[in-house]
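# Structural overview
Listed below, chain by chain, are the residues.
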Amino acid sequence: MLDAGVVVGADGGEPHHLEDPYARVDDVRAAVDFMQTLDFVDPERTGTLGICAGAGYSVNAAMTDYRIKALTTVSAVNIGTNFRRGWYGTDSDAAAVPTLKAVAQQRTAEASQGAEPTHLPYVPAEPDENTPP
């Protein structure tokens with residue numbers, strides 16, 4: 001049995017409109033950093049529970065952070081693959097190229113021209129009959 005867990009990510013539920021997988025993996029590592037400072041946590045029995053995209057981040061963190069001794073996932077999603085290959089994973093990697101080009105142009109516009117950030121919706125604001133379950 002693992003020691004009592006620590007809930008991370010209680011940010012009040014406000015959308016930040018940012019998905020940065022590298023930062024999310026680092027968030028898991030930071031949670032482990034914090035757990036290691038707690039007197040009631042056995043540092044040799046630290047584990048993670050990742051749900052949905054958090055499962056993918058937890059897997060990645062566990063591959064490189066040997067302090068994580070146990071890993072559990074629920075409805076694991078690799079969000080990077082979803083972005084590249086579509087919700088069902090059937091698109092070719094090349095299908096992501098137009099989006100990657102648009103992102104590169106947007107970043108340049110923000111950096112050099114002060115353009116306002118834009119958002120790429122991962123989930124539609126209004127689901128319809130074409131929305132994946």
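Our subject is the structure listed above.
Only a predicted model underlies this, so the values are computations on that prediction, with no experimental measurement involved.

Moving on, we come to the overall build of the protein. On a plain count of helices and strands, the protein comes out with four helices and two strands. Tracing the protein from N to C terminus, the helices and strands come up as α-β-α-β-α-α. Counting all 133 residues of the protein, 19% fall into the buried class. Expressed as a percentage of contacts within the protein between residues at least 6 apart in sequence, the contacts between residues at least 24 apart total 50%.

Overall, the coordinates contain six salt bridges when judged by the stated rule. Across the pair aspartate 27 and arginine 24 runs a salt bridge whose closest N-O atoms are separated by 3.0 Å. In this pair, aspartate 27 and arginine 24 are both assigned in helix H1 (residues 21-36), three residues apart and thus about one turn of the helix distant. Given the relative accessible area of 38%, aspartate 27 is considered partly exposed. The exposure class assigned to arginine 24 is partly exposed, which follows from its relative accessible area of 23%.

At their nearest, the axes of H1 and helix H2 (residues 53-64) sit 8 Å apart, and the two run at 65 degrees to each other. With respect to the hand of their crossing, H1 and H2 are arranged in right-handed fashion. Contact with H1, carried on its side by Pro21, Arg24, Val25, Val28 and Arg29, involves Tyr57, Ser58, Asn60, Ala61 and Thr64 of H2 and no other residues of that element. Of the residues that constitute the contact of H1 with H2, the class distribution is five nonpolar, three polar and two charged.

Turning our attention to the pairing of strand E2 (residues 68-74). Pairing of strand E1 (residues 46-51) with E2 involves six bridges; the strand directions are parallel. Each residue of the ladder has a partner; that of isoleucine 51, found in E2, is valine 74. Crossover connection from E1 via H2 to parallel E2: handedness right-handed.

A surface patch of nonpolar side chains, about 540 Å² in accessible area, is lined by Phe83, Trp87, Tyr88, Tyr122 and Val123. Assignment of secondary structure puts valine 123 in the segment after helix H4 (97-113). Residue classification places valine 123 among the exposed residues on the basis of a relative accessible area of 55%.

On to the nonpolar core, then. Within the largest apolar cluster, 11 residues are counted, these being Val25, Val28, Val32, Met35, Leu38, Val41, Ala53, Tyr57, Ala61, Ile68 and Ile79. Elements supplying a minimum of two residues to this core: H1 and H2. Considering each element in turn, this core owes the most residues, four residues, to H1. In contact with isoleucine 79, other than residues within four places in its own chain, are Glu19, Pro21, Ala53, Tyr57 and Tyr122.

With that settled, consider the environment of arginine 45. Looking at where arginine 45 falls in the secondary structure, it is placed in the loop between H1 and E1. A relative accessible area of 34% means that arginine 45 is categorised as partly exposed. For the pair arginine 45 and lysine 69, spaced 24 residues apart in sequence, the C-alpha separation works out to 6.0 Å.

Rules used in this analysis
Residues numbered from 1 in each chain as written. Predicted model: local features only at pLDDT ≥ 70, side-chain atom pairs only at ≥ 80, totals over all residues. Heavy atoms only, no water. Helix = DSSP H or I, 4+ residues; strand = E, 2+ residues; numbered from the N terminus. Buried < 20%, exposed > 50% of the residue type's maximum accessible area, 1.4 Å probe, protein only. Contact = heavy atoms within 4.5 Å. Salt bridge = Lys/Arg side-chain N within 4 Å of Asp/Glu carboxyl O. Axes fitted to C-alpha atoms, helices over the stretch in contact; angles between N-to-C directions. Left-handed = near helix turned anticlockwise from the far one by under 90°. Nonpolar A, V, L, I, M, F, W, Y, C, P; charged D, E, K, R; others polar. Pairing = 2+ DSSP bridges. Right-handed = clockwise from strand over helix to strand, strands pointing away. Patch = residues over 30% accessible without salt bridge, like charges linked within 9 Å, V, L, I, M, F, W, Y side chains within 5 Å. Areas by Shrake-Rupley, 256 points an atom, 1.4 Å probe, with all protein chains shown as cover. Core = buried A, V, L, I, M, F, W, Y, C linked by side-chain atoms within 4.5 Å.

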